[in-house]
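A structural walkthrough
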Amino acid sequence: MNEIQFPGNLLREMRETAPLVQCITNYVAMNIAANVLLAAGASPAMVHAEEEAGEFAGIAGGLTVNIGTASPQWIAGMKAAIGGATAAHRPWVFDPVAHFATAYRRKVTAELLTLAPTVIRGNASEIIALAGGTSSAKGVDSRDPVELAEKAANELARRQACVVAVTGTTDFVTDGRHAARLSGGSALMPKVTALGCSLTCLVGAYVAIRPSDPLSATVAALAHFAVAGERAAAGSDGPGSFGWRFLDALAALTPEVLDSEARIERL
Ligand SMILES: Nc1ncnc2c1ncn2[C@@H]1O[C@H](COP(=O)(O)OP(=O)(O)O)[C@@H](O)[C@H]1O
Ligand SMILES: Cc1ncsc1CCOP(=O)(O)O
Ligand SMILES: [Mg+2]
């Protein structure tokens, strides 16, 4: 048993405070991630230019950084934003999309990891490779089960002194001392592009609400996705209708239903 908080109170605060979240994500994800944050109750802003990203990070409650379609100018914007967030004592969340795929991605990932992310969120293949193991992935989609990534996640969390979230059929979250497994969601979720990237942005929103407890905040974000995903899948014909039903389900979810339907196993 551990101290991970129930997610309902955090969702209530999300709706009351609508935290401003600076999202530096990829071209594929920008629109869906902004809609996911609005549906959940947060206020997204996609601000990535080096000239303004650091300044903006000082007014945002949290920052998220995603290397899915990164290029040198974007990396400069990410580093400026992380510098601004760090100076303002704001949390930042890292999504290492397919970081193992090319030498360029490996280099920028190594650089960003030295800047002390508060949370790392990735799929199982990404987390296994980030911890130094061999993953089976070829691109942005995972080809490894989450269970295989749990040890890697714990090692990475201890090495980086941060929270690590691994997502897939089940999810696993750890800070290297306490951990949780979450079930729920739907097999339709990986059939809609950039839902993982959008989840990373939602982790940024919850961590903005609870910067002092990033483990509970990350669990709350994953629980919000898992319950909304399960509810949305119930009436869906396929990825298309799931996509809009999922946004509706994120918005309709109440703190009470979140607490009663979230399946969180505290480890
Ligand atoms: N087979 C599945 N069953 C239930 N939920 C899933 C499944 N695959 C992914 N998810 C959910 O989809 C969301 C995105 O996770 P994932 O697909 O692992 O990220 P990524 O898009 O970065 O690869 C998470 O909320 C995760 O729990
Ligand atoms: C398809 C694609 N290509 C580069 S980034 C990206 C989106 C990946 O999104 P996710 O990691 O959430 O599946
Ligand atoms: Mg991803």
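Anything mentioned here points back to the structure above.
Quick look at the structure, then. (Residues numbered from 1 in each chain as written. Chains lettered and ligands numbered in written order. Predicted model: local features only at pLDDT ≥ 70, side-chain atom pairs only at ≥ 80, totals over all residues. Heavy atoms only, no water.)

1. Section: the environment of Ser183
Selection criterion: In this text, helices come from DSSP runs of H or I with a minimum length of four residues, and strands from runs of E with a minimum of two, each type numbered from the N-terminal end. Every residue pair with non-hydrogen atoms within 4.5 Å of one another is taken to be in contact.
Counting through the fold element by element, Ser183 comes out in strand S8 (residues 179–183). Along the chain, Ser183 and Ala221 lie 38 residues apart, while their C-alpha atoms are 13 Å from each other. Discounting chain neighbours no more than four positions away, the residues touching Ser183 are Thr170, Ala226 and Arg263.

2. Remarks on a negative patch on the surface
Just so we agree on the cut-off: Residues enter patches when they are more than 30% accessible in relative terms and free of salt bridges; like-charged ones are connected within 9 Å and nonpolar ones (Val, Leu, Ile, Met, Phe, Trp, Tyr) within 5 Å. Here the Shrake-Rupley method, with its probe set to 1.4 Å, supplies the accessible areas, and only the displayed protein chains count as covering residues. Take a side-chain nitrogen of Lys or Arg and a carboxyl oxygen of Asp or Glu: if they are within 4 Å of each other, that pair is a salt bridge. For the charge count, each Lys or Arg is scored as positive and each Asp or Glu as negative, with His and the chain ends excluded. Where a charge lies is defined by one atom per residue type: Lys uses NZ, Arg uses CZ, Asp uses CG and Glu uses CD. Partly exposed residues are those whose accessible area sits between 20% and 50% of the maximum for their type, while under 20% is buried and over 50% is exposed, using a 1.4 Å probe and protein chains only.
The grouping of Glu50, Glu51, Glu52 and Glu55 at the surface amounts to a negative patch. Here Glu50 shows up in helix H3 (residues 50–57). Exposure remark for Glu50: the relative accessible area of 48% places this residue in the partly exposed category.

3. So, the nonpolar core
As a reminder, the rule being used: For our purposes a nonpolar core is just a set of buried Ala, Val, Leu, Ile, Met, Phe, Trp, Tyr and Cys residues, chained together by side-chain atoms within 4.5 Å.
If you look at the biggest cluster of nonpolar residues, it comprises 56 residues, and the most contacted ones within it are Leu202, Tyr206, Phe225 and Phe246. Residue assignment for this core shows that the elements contributing at least two residues are helix H1 (8–17), strand S1 (20–24), helix H2 (30–40), strand S6 (163–167), S8, helix H8 (195–209), helix H9 (214–234) and helix H10 (239–252). Among the elements that make up this core, the one with the highest residue count is H9 (11 residues). In this view, Leu202 contacts Met14, Leu37, Ala40, Ala221, His224 and Phe225; residues no more than four positions away in its chain are not counted. Judged by nonpolar contacts, the second largest core, of 35 residues, contains Val65, Ala70, Leu113 and Phe172.

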